[in-house]
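As a plain string of letters, each chain reads:
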Amino acid sequence: QVQLVESGGGLVHPGGSLRLSCAASGIAFSIYTMGWYRQAPGKQRELVATVTTAGSTNYADSVKGRFTISRDNAKNTSYLQMNILKPEDTAVYYCNAERLATPYSPRRDYWGQGTQVTVSS
């Protein structure tokens, strides 16, 4: 059974920092692209950052220079370090694991249950 379990969310003041973790089980973690997405109330889910199997990263413009995504294949865990947090970063943050289709297997896409991040004074 595949599980992605996020942790590390909470309430933080503007300008503060949080580190989210996503612990994966039931998948061959090292062959999945890991991503973080977020969804604010009344808005669609949006991409925050991704890290490929090769370690290449991609960020939404709104978080570039403030957030850092990383992965530890030995621990089957992905991280999102969030610095200089702003009220507009308030959202539920979701972990994603994706493996694109190959000639031998279909596309695989898994989600965590989400963790709340609230940035408020």
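Residues numbered from 1 in each chain as written. Predicted model: local features only at pLDDT ≥ 70, side-chain atom pairs only at ≥ 80, totals over all residues. Heavy atoms only, no water.

Colleague: Would you mind going over the sheet that holds strand 8 (residues 77-82) in detail, with residue names and values included?
Modeller: Read from one edge of the open sheet, 4 strands run 1-3-8-7, paired in antiparallel fashion. Whereas interior strands pair on both sides, the edge strands pair on one side only; in this sheet they are strand 1 (3-7) and strand 7 (67-72). Pairwise comparison of adjacent strand axes, ignoring direction, gives a mean angle of 15 degrees for this sheet. Here strand 1 pairs with strand 3 (residues 18-25) via 5 bridges, running antiparallel. Pairing of Gln3 across the sheet is with Ser25, part of strand 3. (Pairing = 2+ DSSP bridges. Helix = DSSP H or I, 4+ residues; strand = E, 2+ residues; numbered from the N terminus. Axes fitted to C-alpha atoms, helices over the stretch in contact; angles between N-to-C directions.)

Colleague: Can you break down the packing of aromatic side chains residue by residue, with the values?
Modeller: For the structure on display, the rule yields 2 aromatic pairs. Ring geometry for Tyr32 against Tyr110: centres 6.2 Å apart, planes inclined by 45 degrees, an arrangement best described as tilted. Here Tyr110 lies in strand 10 (residues 108-111) and Tyr32 lies in the loop between strand 3 and strand 4 (33-39), a separation of 78 residues in the sequence. On the accessibility criterion, Tyr110 (24% relative accessible area) is partly exposed. Sitting above the plane of the Tyr94 ring, Arg45 keeps its charged end 3.8 Å from the centroid. (Phe/Tyr/Trp six-rings, centres within 6.5 Å; stacked < 30°, edge-to-face > 60°. Buried < 20%, exposed > 50% of the residue type's maximum accessible area, 1.4 Å probe, protein only. Lys NZ or Arg CZ within 6 Å of the ring centre and 35° of its normal.)

Colleague: How would you summarise the environment of Thr53 if you had to cite specific residues and measurements?
Modeller: Note that Thr53 resides in the loop between strand 5 (46-51) and strand 6 (57-59). Classification of Thr53 as partly exposed rests on a relative accessible area of 43%. Apart from the residues within four sequence positions on either side, Thr53 is in contact with Ser30, Ile31, Tyr32, Thr33 and Arg71. (Contact = heavy atoms within 4.5 Å.)

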